[in-house]
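Working through the structure, step by step
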Amino acid sequence: MADDDLATLGTATEAPQTTATPGGDPLDRAPAPVPSWLGAVLTVGLVLAALNLRPAITSLGALMEEVRDGLGMSGTVAGLLTSVPALCFAVFGVAAPRLARRFGPGAIVCAGMAAITIGVVVRPFAGGTAGFLAASALALAGIAVSNILLPVVIKTFFPDRVGSMTGLYSMALALGTSLAAALTVPVTGALGGGWQAGLAIWAVLGALAVVPWLAVLRHRAPRPAPAVAGAPQQDAPAVRISRSPTAWSLAVFFGLQATAAYITMGWLPQIFRDAGVPAGTAGVLLAITMAMGIPLSFVLPRLAARMRHQGPLAVLLGACGLAGYAGLWLAPSAGAWGWALLLGISNCAFPLALTMIGMRARSAAGVVKLSAFAQCIGYLISIPGPLLVGTLYQHSGGWGLPIALMAGLMVPQIVMGVLAGRDRRIEDER
């Protein structure tokens, strides 16, 4: 994607405007002040949007067996279904900067929430695997663009509260993930036991999220006064992101942690169910795994920001993952709660990756470029993992080989985390 697209995400009409002066980047200028009422609406919108970024995925994981039986899916096709999120995040994430530049981040997030709502409510009743996949892709497209642009919204509208609003965003994202995992099975039972209703009910949360973003779209912030003539200008250093070893290390680390996360969300309940754990308990175990991100999303970034080298944290998280996979191999049922906790800690490589993205660039524009590069490349890397797990599961008849694959991928994740955690900046690697 063009660098210009990445450098102008916060300049659309409905967002507070920045002063675009020659030789600088709009992202590195202070936005116009936000009215108090708009700040409150945006906060509600941000929380509701973040709550919607994972239920479409984790609710499916909790009911994977019922969906497979209902649609006649093979293990390979089910594995493809668990790979679709990463594919959509990579493909539609590339389009997010261009869409935001033309229509504004708020408009695209609003459209994303609408796409999630429609996709989630349609897919259980689309008729057949193809329709289910197509409707899922629509919902995931909405998630993908929102995933990329919500941090930009935070930076644009809350420039003096980026840390606290990012923490709120991360907490809401983890909360939505765990709620969908824990409640989908019991809610399905309460609605009559049909998996279609159990998946479609999460569209209600998406519909609620559309409302505050419609209010945001009605707001047109005034442009700030033009810059004083003759003020000194500083050219932003050119960043050739694809030539940065740090950027590639972060992208691969992001991709491997995303691989582990989507395998966990898509297959962990099935692993426990095949070991004799009841379906409801398996969903709660996935919820426990996802809920670990709620407190750690606050603690881990602050700890990482105080360290010059974040590699030790990547090693610690990877060691927890290896221990969790060893437990799933040896005693999946007997130690289920412990393995769920360990894998939950390991999955907090995601907030670590986001924190390192913010620390590996000097300018705001550099952070956006690095974020887009790391996420798009990373999600592409993560696509084969869930599909391969489904194929191995189907052809081996058990979970030994898939778990061995998960554990094996944790080793390069640790290595890439150590490399990405070095105290370097992409602007220095030109």
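Here the structure is a predicted model, which is why all the values come from computation and not from measurement.

**Notes on the confidence of the model for the protein chain**
Confidence along the protein chain averages 82 in pLDDT terms, with 84% of residues attaining 70 or more. Note on residues 1–23: pLDDT is under 50 here. Beyond four places in sequence and across chains, it has 87 contacts. Note that pLDDT drops below 50 for residues 221–236; the model gives that stretch 19 contacts with residues more than four away or on any other chain.

**Here we look at the packing of helix 6 (residues 105–122) against helix 10 (residues 203–217)**
What describes two packed helices is the angle between their axes and the distance between those same axes. Two elements in contact, helix 6 and helix 10, have axes separated by 8 Å at closest approach and are oriented at 160 degrees. Between helix 6 and helix 10, the interaxial angle falls into the category roughly antiparallel. Read as a crossing pair, helix 6 and helix 10 show a hand that is left-handed. For the pair helix 6 and helix 10, contact is made by Gly106, Ala107, Val109, Cys110, Met113, Ala114, Thr117, Val120 and Val121 and by Ala203, Gly206, Ala207, Ala209, Val210, Trp213, Leu214 and Leu217, respectively. Looking at the contact of helix 6 with helix 10 residue by residue, the classes come out as 14 nonpolar, three polar and no charged.

**Notes on the side chain of Thr58**
Residue placement: Thr58 occurs in helix 3 (residues 55–62). Note on Thr58: relative accessible area 0%, which makes it buried. Those residues in contact with Thr58, other than ones at most four positions away along the chain, are Thr177, Ala180, Ala181, Met265 and Leu286.

**Some details on the nonpolar core**
The biggest cluster of nonpolar side chains holds 116 residues, and the ones touching the most others in it are Trp213, Leu328 and Leu352. Among the elements that take part in this core, helix 11 (residues 245–274) stands out by supplying 15 residues, more than any other. Other than its neighbours up to four places away in sequence, Trp213 contacts Leu42, Gly45, Leu46, Ala49, Gly106, Val109, Cys110, Met113, Leu150 and Val153.

**Regarding the side chain of Arg425**
Within the secondary structure, Arg425 is located in the segment after helix 19 (400–420). At 3.1 Å, the side chain of Arg425 forms a polar contact with the backbone oxygen of Met359.

**Section: the packing of helix 3 against helix 11**
Orientation of helix 3 relative to helix 11, taken along the N-to-C sense of each, is 20 degrees, at an axis distance of 8 Å. In terms of axis orientation, helix 3 runs roughly parallel to helix 11. For the pair helix 3 and helix 11, the crossing hand works out as right-handed. Contacts from Ile57, Thr58, Gly61 and Ala62 of helix 3 reach helix 11 at Tyr262, Met265, Gly266, Pro269 and Arg273. Looking at side-chain class alone, the contact of helix 3 with helix 11 contains five nonpolar, three polar and one charged residues.

**As for helix 12 (residues 279–291)**
Across its 13 residues, helix 12 extends 18 Å between first and last C-alpha, which sits within 8% of the 18 Å expected from 1.5 Å per residue. Taken together, the buried positions of helix 12 are Ala282, Gly283, Leu285, Leu286, Ala287, Thr289 and Met290.

**Quick notes on the pattern of salt bridges**
Taken as a whole and assessed by the stated rule, the structure comprises four salt bridges. Of the charged contacts, one joins Arg273 and Glu66 as a salt bridge, the two residues approaching to 3.1 Å between their closest N and O atoms. Remark: Glu66 occurs in helix 4 (residues 64–71) and Arg273 occurs in helix 11; sequence separation between them is 207 residues. For Arg273, a relative accessible area of 17% gives the class buried. Between Asp423 and Arg425 there is a salt bridge, with the nearest N and O atoms lying 3.0 Å from each other. Its relative accessible area of 36% is what places Asp423 among the partly exposed residues. Sharing partners across several salt bridges, the network here consists of Glu65, Glu66 and Arg273.

Cut-off values and rules
Residues numbered from 1 in each chain as written. Predicted model: local features only at pLDDT ≥ 70, side-chain atom pairs only at ≥ 80, totals over all residues. Heavy atoms only, no water. pLDDT = per-residue confidence, 0-100. Contact = heavy atoms within 4.5 Å. Axes fitted to C-alpha atoms, helices over the stretch in contact; angles between N-to-C directions. Helix = DSSP H or I, 4+ residues; strand = E, 2+ residues; numbered from the N terminus. Parallel < 35°, antiparallel > 145°, perpendicular 65-115°, else oblique. Left-handed = near helix turned anticlockwise from the far one by under 90°. Nonpolar A, V, L, I, M, F, W, Y, C, P; charged D, E, K, R; others polar. Buried < 20%, exposed > 50% of the residue type's maximum accessible area, 1.4 Å probe, protein only. Core = buried A, V, L, I, M, F, W, Y, C linked by side-chain atoms within 4.5 Å. Polar contact = N/O pair within 3.5 Å; in protein donor to acceptor, adjacent residues only side chain to side chain. Expected span 1.5 Å × (residues − 1). Salt bridge = Lys/Arg side-chain N within 4 Å of Asp/Glu carboxyl O.

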